[in-house]
Amino acid sequence: PASLVHLALTDSTGVDRLFEDNSFATLESLTLVRSDISRDGLRKLAAESGALTRLEVDQCSSGSVLAFARNLPKAITSGHPAALRYFVSHSHLSDEAVRTLIMFCPQLETLSLVEVPSLVAIKQASRCLPNLQHLRFCASDGASAWNEVELAKLAESCPSLCELNV
């Protein structure tokens, strides 16, 4: 796996050792579908994820996304800045998971979330992601709608935004 560039795991179990015991320094794209990797495996992947530009998760836990995002600072301080530009989640993520991902992935150009519990994290994205080009999300029941002022702030702080799908 030392030269692996794209990896997609669907319904995979027992792959924890794969991530814990191997280096994926050249991995650019990772898709996880119903395949939660151990936190140790995700920590290691995040710490070595200098080449990872695309992460897509489907039916994976918020805890998995948090474990990955919380370890991105180790990659940054070790000289492997977080290059993640594309993040898609087809699963419900907590606000904490979204905020943490946004905080440590300032180069995101595409952020697509099938369901967010509130708009707090999405509104934070409008202040922290200057390269954002595509923003897609669906707010859970009870989440407040955007008003004109918030949309204006989004347009101002994300000058490259070319797609907004709410």
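What you see is a predicted model; the values in this text were computed from it and never measured.

Caption draft 1: Quick look at the nonpolar core. Of all hydrophobic cores here, the largest spans 42 residues; its most connected members are F19, L30, F68, L84, F87, L111 and L113. Setting aside residues up to four positions removed in sequence, F87 forms contacts with L55, V57, V65, L93, L101, L108, T110, L111, S112 and L113.

Caption draft 2: Structural detail: the sheet that holds strand β4 (residues 86-92). A sheet is described by the order of its strands in space; here seven strands give the open sequence β1-β2-β3-β4-β5-β6-β7, paired in parallel fashion. Each end of this open sheet is capped by a strand with a single partner; those strands are β1 (6-10) and β7 (163-165). Taking the axes of each pair of neighbouring strands and ignoring which way they run, one obtains an average angle of 5° across the sheet. In terms of strand pairing, strand β3 (residues 54-58) meets β4 through four bridges, oriented parallel. When the bridges of β4 are listed, R54 appears paired with Y86.

Caption draft 3: Representation of the packing of aromatic side chains within the structure. Tallying each qualifying case throughout the model produces zero aromatic pairs. Over the aromatic face of Y86 sits the side chain of R54, whose NZ or CZ is 3.7 Å from the ring centroid.

Caption draft 4: Structural view of a nonpolar patch on the surface. Together, L151, L164 and V166 make up an exposed nonpolar region whose accessible area comes to about 260 Å². By secondary structure assignment, the location of L151 is in helix α7 (residues 148-157). In this structure L151 comes out as partly exposed when scored by relative accessible area, which is 37%.

Caption draft 5: Highlighting the pairing of strand β6 (residues 134-139). Pairing of strand β5 (residues 110-116) with β6 involves five bridges; the strand directions are parallel. Bridge pairing links S112 to R136 in β6. Bridging between β6 and β7 involves three bridges; their strand directions are parallel. Bridged to L135 within β7 is L164.

Caption draft 6: Region of interest: the packing of helix α2 (residues 39-47) against helix α3 (residues 62-70). Direction vectors running N to C along α2 and α3 enclose 35°, while the axes themselves pass 7 Å from each other. Remark: the crossing between α2 and α3 carries right-handed chirality. Contacts between α2 and α3 involve R39, L42, R43, L45 and A46 on the former and, on the latter, G63, S64, A67 and F68. Along the lines of polarity and charge, the residues of the contact of α2 with α3 split into five nonpolar, two polar and two charged.

Caption draft 7: Molecular detail of the pairing of β5. In terms of burial, β5 is a largely internal element, five of the seven residues being buried. One ladder, built from five bridges, connects β4 with β5; its direction is parallel. What sits directly across from Y86, in β5, is T110. With helix α5 (residues 95-104) bridging β4 and its parallel neighbour β5, the resulting β-α-β unit is right-handed.

Caption draft 8: Local environment of the pattern of salt bridges. As enumerated under the stated definition, the model contains four salt bridges in all. A salt bridge links R85 to E109, with the nearest nitrogen and oxygen atoms 3.9 Å apart. Of this pair, R85 sits in the loop between α4 (72-77) and β4 while E109 is found in the loop between α5 and β5, placing the two residues 24 residues apart along the sequence. With a relative accessible area of 32%, R85 lands in the partly exposed category. Put simply, E163 and R136 hold a salt bridge, and the shortest N to O gap is 2.9 Å. With E163 in strand β7 and R136 in strand β6, this pair connects stretches of sequence that are 27 residues apart.

Parameters and conventions
Residues numbered from 1 in each chain as written. Predicted model: local features only at pLDDT ≥ 70, side-chain atom pairs only at ≥ 80, totals over all residues. Heavy atoms only, no water. Core = buried A, V, L, I, M, F, W, Y, C linked by side-chain atoms within 4.5 Å. Buried < 20%, exposed > 50% of the residue type's maximum accessible area, 1.4 Å probe, protein only. Contact = heavy atoms within 4.5 Å. Pairing = 2+ DSSP bridges. Helix = DSSP H or I, 4+ residues; strand = E, 2+ residues; numbered from the N terminus. Axes fitted to C-alpha atoms, helices over the stretch in contact; angles between N-to-C directions. Phe/Tyr/Trp six-rings, centres within 6.5 Å; stacked < 30°, edge-to-face > 60°. Lys NZ or Arg CZ within 6 Å of the ring centre and 35° of its normal. Patch = residues over 30% accessible without salt bridge, like charges linked within 9 Å, V, L, I, M, F, W, Y side chains within 5 Å. Areas by Shrake-Rupley, 256 points an atom, 1.4 Å probe, with all protein chains shown as cover. Salt bridge = Lys/Arg side-chain N within 4 Å of Asp/Glu carboxyl O. Left-handed = near helix turned anticlockwise from the far one by under 90°. Nonpolar A, V, L, I, M, F, W, Y, C, P; charged D, E, K, R; others polar. Right-handed = clockwise from strand over helix to strand, strands pointing away.

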